[in-house]
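# Understanding the architecture of this molecule
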Amino acid sequence: MDHRLIAKIVTQRVTELLPYGPANIPEGCSPAQLGAEERVQQVRFNQESFIHKKRMNVSRNEETMTEYLEKNVGWGILSRAGNCDVMASIAYKLLANTPSVRSIIQMQLERKNGEDSHTFVVLSKMKLETDSLTSIIGWDSENVVICDPWLSCIQINHPGLIWFIDFDEHELMGAYKPDRFYWHMDDLNYDGKLSVLRSLD
């Protein structure tokens, strides 16, 4: 099955599982759905409780990071809402059960000011070397597709930004080629450090 189609199907499933969507809506877009903020706050409470219980920087321990991301799936489905990190965790989980996908990577892209970060999933027809994924713009567009349910949800349910009119039919459903994804992230000022959260080959 075509990887862009897989990403679109997965995105649709994520939005079905999280009907309240995200609470972190970009400035200039229509507001979050009624009840989304309260539900996302419950997810955040669970995330913070987990981190406090572990008493460590989750990102510096691979095993703990994997456990944290897995728990994001349950917290999101229970609350029926979630920001990009929860959406990406659910997408990763769904993709992990898709035999035709060769390589799956959950990644994080920071803003240069370090105040915020965005989480998404990369899927590939071939094995990807995670240590070489330092710049989105250089990724192989023939083999690599980016699955981003959050960006799709924002575009469809919270219109307002002028550049959204440039989304094509695949991007509206959460499937992006690397160069196009880079461009959209740059417009949202996510142009800082890129890091791997977890991967599956």
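Residues numbered from 1 in each chain as written. Predicted model: local features only at pLDDT ≥ 70, side-chain atom pairs only at ≥ 80, totals over all residues. Heavy atoms only, no water.

## Section: the pattern of salt bridges
- Under the criterion given, the structure shown has 6 salt bridges.
- For Arg-13, the salt bridge identified is with Glu-16, shortest N-O distance 3.3 Å. Remark: Glu-16 and Arg-13 occur in helix H1 (residues 3–17); sequence separation between them is 3 residues, near one turn of the helix.
- Its salt-bridge partner being Glu-70, residue Arg-198 comes within 2.8 Å of it at the nearest N-O pair. With Arg-198 in strand S5 (residues 194–200) and Glu-70 in helix H3 (residues 62–79), this residue pair connects regions lying 128 residues apart in the sequence.
- Classification of Arg-198 as buried rests on a relative accessible area of 6%.
- Put simply, Glu-70, Lys-93 and Arg-198 are held in one network by salt bridges that share partners. (Salt bridge = Lys/Arg side-chain N within 4 Å of Asp/Glu carboxyl O. Helix = DSSP H or I, 4+ residues; strand = E, 2+ residues; numbered from the N terminus. Buried < 20%, exposed > 50% of the residue type's maximum accessible area, 1.4 Å probe, protein only.)

## Some points on the nonpolar core
- Ranked by internal contacts, the top residues of the largest apolar core, which has 52 residues, are Leu-95, Phe-120, Val-122 and Trp-139.
- Element by element, the count of residues in this core is highest for helix H4 (residues 84–96), at 8 residues.
- In this structure Phe-120 touches Ala-88, Ile-105, Gln-106, Met-107, Leu-109, Ile-136, Trp-139, Ile-146, Cys-147, Asp-148, Phe-181 and Leu-194, once residues within four positions along its chain are discounted. (Core = buried A, V, L, I, M, F, W, Y, C linked by side-chain atoms within 4.5 Å. Contact = heavy atoms within 4.5 Å.)

## Brief notes about helix H5 (residues 149–157)
- Here H5 lies mainly inside the structure; 7 of its 9 residues are buried.
- Buried within H5 we find Pro-149, Trp-150, Leu-151, Ser-152, Cys-153, Ile-154 and Gln-155.
- Tucked inside the fold, the buried residues of H5 contact H1, H4, strand S2 (117–124), strand S3 (144–147), strand S4 (175–176) and helix H6 (178–187).
- Taking the backbone nitrogen of Trp-150 as reference, a side-chain oxygen 3.2 Å away marks Asp-148 as the first, capping residue of H5. (Polar contact = N/O pair within 3.5 Å; in protein donor to acceptor, adjacent residues only side chain to side chain.)

## Some points on unusual backbone geometry
- Its identity as a non-glycine residue notwithstanding, Arg-80 has a phi of 65°, on the positive side.
- Mapped onto the elements, Arg-80 comes out in the loop between H3 and H4.
- Among the residues examined, Arg-80 registers a relative accessible area of 41% and is labelled partly exposed.
- In this structure, Asn-189 takes a positive phi of about 65° despite not being glycine.
- For Asn-189, the location among the structural elements is in the loop between H6 and S5.
- With a relative accessible area of 45%, Asn-189 lands in the partly exposed category.

Honestly, that's just the spatial picture; any functional story needs more than this.
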